[in-house]
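Commentary on secondary and tertiary structure
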Amino acid sequence: MTFKKDLPPEHARKVQDHQKNTAKGQRRKQLAKESEASKRFRRGGRGRRRRVRRKDWTDEAFRNEDELNHDTLERVMSRDEHDRRREVEKAVLQTDSHQRQQAVSNATTATGQQGLVISAAGLKARVLLDGAEVDCTVRGILTEIETGFINPVAVGDQALVTEDGANGWVIEEILPRQTILARPDSFLAPKQQVIAANVDLLLIVSAWWNPAIWLELIDRYLVVAQRTGIEPIICVNKVDLLTDEEDYEETVQPYLNLGQRVLRTSATEGVGVDELREALRDRTTAVVGLSGTGKSSLLSAVQPDLKLRTGEVSGINGQGQHTTTQSTLLKLDVGGYVADTPGIKEFGLGGLTRIELQDYFPDIMAFASGCRFSNCSHITEPDCAVQEAELAGLLPESRAHSYGLIWEELSE
Ligand SMILES: Nc1nc2c(ncn2[C@@H]2O[C@H](COP(=O)(O)OP(=O)(O)OP(=O)(O)O)[C@@H](O)[C@H]2O)c(=O)[nH]1
Ligand SMILES: [Mg+2]
Ligand SMILES: [Zn+2]
């Protein structure tokens, strides 16, 4: 579209901006129409601060999308039971790293060779021992009482193993973990299931499109990373599907402002793959993100012989199909390990309270001192500097949106 030459420059710029926004809006509308399901994945937009309860996370569509994820946090229970469970969660998740270090150095009750667990399912595990892989059974005594978790062994665990005298191997003990990525168990919540142990990098993979980038999930993972002490890197994949460069810049800017590293990749076009490989070098990385975002494809691009299975994103709802169903720790040629996890959308928020939540949103905290009430939740209070900052465009809407949604689902 062209402009009349006689329009004042300021006016012309406004018209241009408007057209650009309209075009952007139309494109979004069109894409959203193509996929009903994509509504759930859209970036936080105007008209946010909807009161969305946990049910929104666990409706039928989502359940299909993460088959292990059940609506456990909505359970009705007595206040005492609720409090007790919260204490258990806290104790499990918030052991400080010094205590863990101490525990590691004290942990020599069993004898055996030390190996790294590279896959685990129930009471069976595969352990890397002096460069060789051995299949182990887990001694029955490694129950949740010892480990604090319902699965006794997880990928990334350091295990003490012995020979069972019949050509087999037995895991006698799991050494205390440096970091824990866990989520409430599907059936036994709030008891936790360990997804991976001793991970020091969280690669948060989001597709730019198909499925559309979902900032709330990224924000949740950033909270998880801070709580667990695991360094996060955001990886925006499928940038080959990117049509609006400005849209991308606007989307990632809030994260860059937080000092957060953001990688821009296309597994299919090989974009950003070298940088990703370097980021993974000598680290133990858990790759997280929704199903279908390209986690396995990216790892295969980093190292083709990893031979991971990848799956089609279904055209009907734009969601992946959980091609990767079990965590496996894979050794990288450049050094380090990666755990390609199944698409898990929630973990690591157990025991978090509303008041603590803002500690994990430094961009929100930056304004909080200006609020009228010192215990302001920044949700409904008057004279809230955070809400004002958001209205003034100083705080990204999507970040405030994520904060509001998580706040809503925390009980106190
Ligand atoms: N256009 C495009 N498609 C991609 C890209 N990366 C992956 N895909 C496609 O997206 C689909 C899903 O990829 P996967 O690697 O299986 O996704 P995943 O995240 O491992 O999915 P789960 O294992 O289900 O959690 C496959 O059809 C890939 O070919 C990319 O950068 N661009
Ligand atoms: Mg996969
Ligand atoms: Zn406030």
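Just above sits the structure.
The structure contained in this document is the topic of the report that follows. Note that this is a predicted model, so its numbers are computed, not measured.

Criteria and thresholds
- Residues numbered from 1 in each chain as written.
- Chains lettered and ligands numbered in written order.
- Predicted model: local features only at pLDDT ≥ 70, side-chain atom pairs only at ≥ 80, totals over all residues.
- Heavy atoms only, no water.
- Helix = DSSP H or I, 4+ residues; strand = E, 2+ residues; numbered from the N terminus.
- Buried < 20%, exposed > 50% of the residue type's maximum accessible area, 1.4 Å probe, protein only.
- Contact = heavy atoms within 4.5 Å.
- Pairing = 2+ DSSP bridges.
- Axes fitted to C-alpha atoms, helices over the stretch in contact; angles between N-to-C directions.
- Parallel < 35°, antiparallel > 145°, perpendicular 65-115°, else oblique.
- Nonpolar A, V, L, I, M, F, W, Y, C, P; charged D, E, K, R; others polar.
- Donors = N, O, S within 2.8 Å, 3.2 Å for Na, K, Ca; no water.
- Tetrahedral: all angles 85-135°; square planar, octahedral: opposite > 155°, others 65-115°.
- Polar contact = N/O pair within 3.5 Å; in protein donor to acceptor, adjacent residues only side chain to side chain.
- 1 Å grid on protein atoms, 1.4 Å probe; cavity = no way out; pocket = protein on both sides within 12 Å on 5 of 7 lines; lining within 4 Å.
- Points joined across faces, edges and corners; volume = space filled by probe spheres on them.
- Core = buried A, V, L, I, M, F, W, Y, C linked by side-chain atoms within 4.5 Å.

**Brief notes about the overall build of the protein**
- A tally of helices and strands in the protein yields 13 helices and 13 strands.
- Across the 412 residues in the protein, those meeting the buried criterion constitute 52%.
- Counting only contacts in the protein whose residues sit at least 6 apart along the sequence, the fraction spanning at least 24 positions is 67%.

**Observations regarding the environment of Val 334**
- Inspection of the secondary structure assignment puts Val 334 in the loop between β12 (328–331) and β13 (336–340).
- As for Val 334 and Arg 283, which are separated by 51 residues in sequence, their C-alpha atoms are 9.7 Å apart.
- Val 334 has contacts with Arg 277, Arg 281 and Asp 282, leaving out every residue within four places of it along the chain.

**Some points on the pairing of strand β5 (residues 169–174)**
- Burial of β5 is extensive: 6 of the 6 residues sit out of reach of the surface.
- Pairing analysis gives 3 bridges linking strand β3 (residues 132–138) to β5, with the strands arranged parallel. Note on β5: the bridge partner recorded for Val 138 is Ile 171.
- For strand β4 (residues 158–163) and β5, the ladder comprises 5 bridges, and the chain directions are antiparallel. Bridging across to β5, Val 161 finds its partner in Ile 171.
- Linking two consecutive strands that pair antiparallel, namely β4 and β5, is a turn of 5 residues; a positive phi of about 90° is found at Gly 165 within it.

**Looking at helix α9 (residues 295–302)**
- For α9, the tally of buried residues reaches 6 of 8 residues, placing the bulk of the element in the interior.
- In this structure, the buried side of α9 is in contact with β8 (201–207), β9 (231–237), α8 (273–280), β11 (283–288) and β13.

**So, the packing of α8 against α9**
- One way to put it is that α8 packs onto α9 with a least axis distance of 9 Å and a crossing angle of 90°. As far as their axial angle goes, α9 and α8 are roughly perpendicular. In this structure, α8 uses Val 273, Leu 276, Arg 277 and Leu 280 to contact α9, whose residues at the interface are Leu 298, Leu 299, Ala 301 and Val 302.
- Considering only residue class, the contact of α8 with α9 consists of 7 nonpolar, no polar and 1 charged.

**Observations regarding the coordination of the zinc ion (ligand 3)**
- Protein-derived ligands of the zinc ion (ligand 3) are Cys 371 (SG), Cys 376 (SG), His 378 (ND1) and Cys 384 (SG), with the metal-ligand distances lying across 2.1 to 2.4 Å.
- Geometry at the zinc ion (ligand 3) is tetrahedral, judged from the 4 donor atoms that bind it and their angles of 101 to 116° at the metal.
- Classification of Cys 371 by relative accessible area gives buried; the value is 10%.

**Notes on the side chain of Thr 228**
- Tracing the chain through its elements places Thr 228 in helix α6 (residues 215–228).
- The class for Thr 228 is buried, based on a relative accessible area of 14%.
- In this structure the side chain of Thr 228 is engaged in a polar contact, spanning 2.7 Å, whose partner is the backbone oxygen of Val 224.
- At a separation of 3.3 Å, a polar atom in the side chain of Thr 228 contacts the main-chain carbonyl oxygen of Ala 225.

**Considering empty space enclosed by the protein**
- All chains considered together, the criterion is met by 5 cavities of 30 Å³ or more.
- What the largest cavity holds in volume is close to 60 Å³.
- Together, 13 residues line the largest cavity, and Val 205, Ser 206, Trp 214, Leu 217 and Leu 290 are the ones closest to its centre.
- Those elements that place two or more of their residues in the lining of the largest cavity are β8 and α6.
- Element by element, the count of residues in the lining of the largest cavity is highest for β8, at 4 residues.

**Section: the pairing of strand β7 (residues 192–197)**
- Within β7, 6 of the 6 residues are buried, which leaves the element mostly enclosed by the surrounding structure.
- Summarising the sheet, strand β6 (residues 180–184) and β7 pair through 5 bridges and their orientation is antiparallel. Within β7, the residue paired with Pro 184 across the bridge is Gln 192.

**Structural notes on the nonpolar core**
- Within the largest apolar cluster, 55 residues are counted, with the highest numbers of intra-cluster contacts made by Leu 202, Ile 204, Ile 218, Ile 234, Val 236, Tyr 248 and Leu 357.
- Apart from residues lying up to four places away in sequence, Ile 204 is in contact with Ile 218, Tyr 221, Leu 222, Pro 232, Ile 233, Ile 234, Cys 235 and Val 288.

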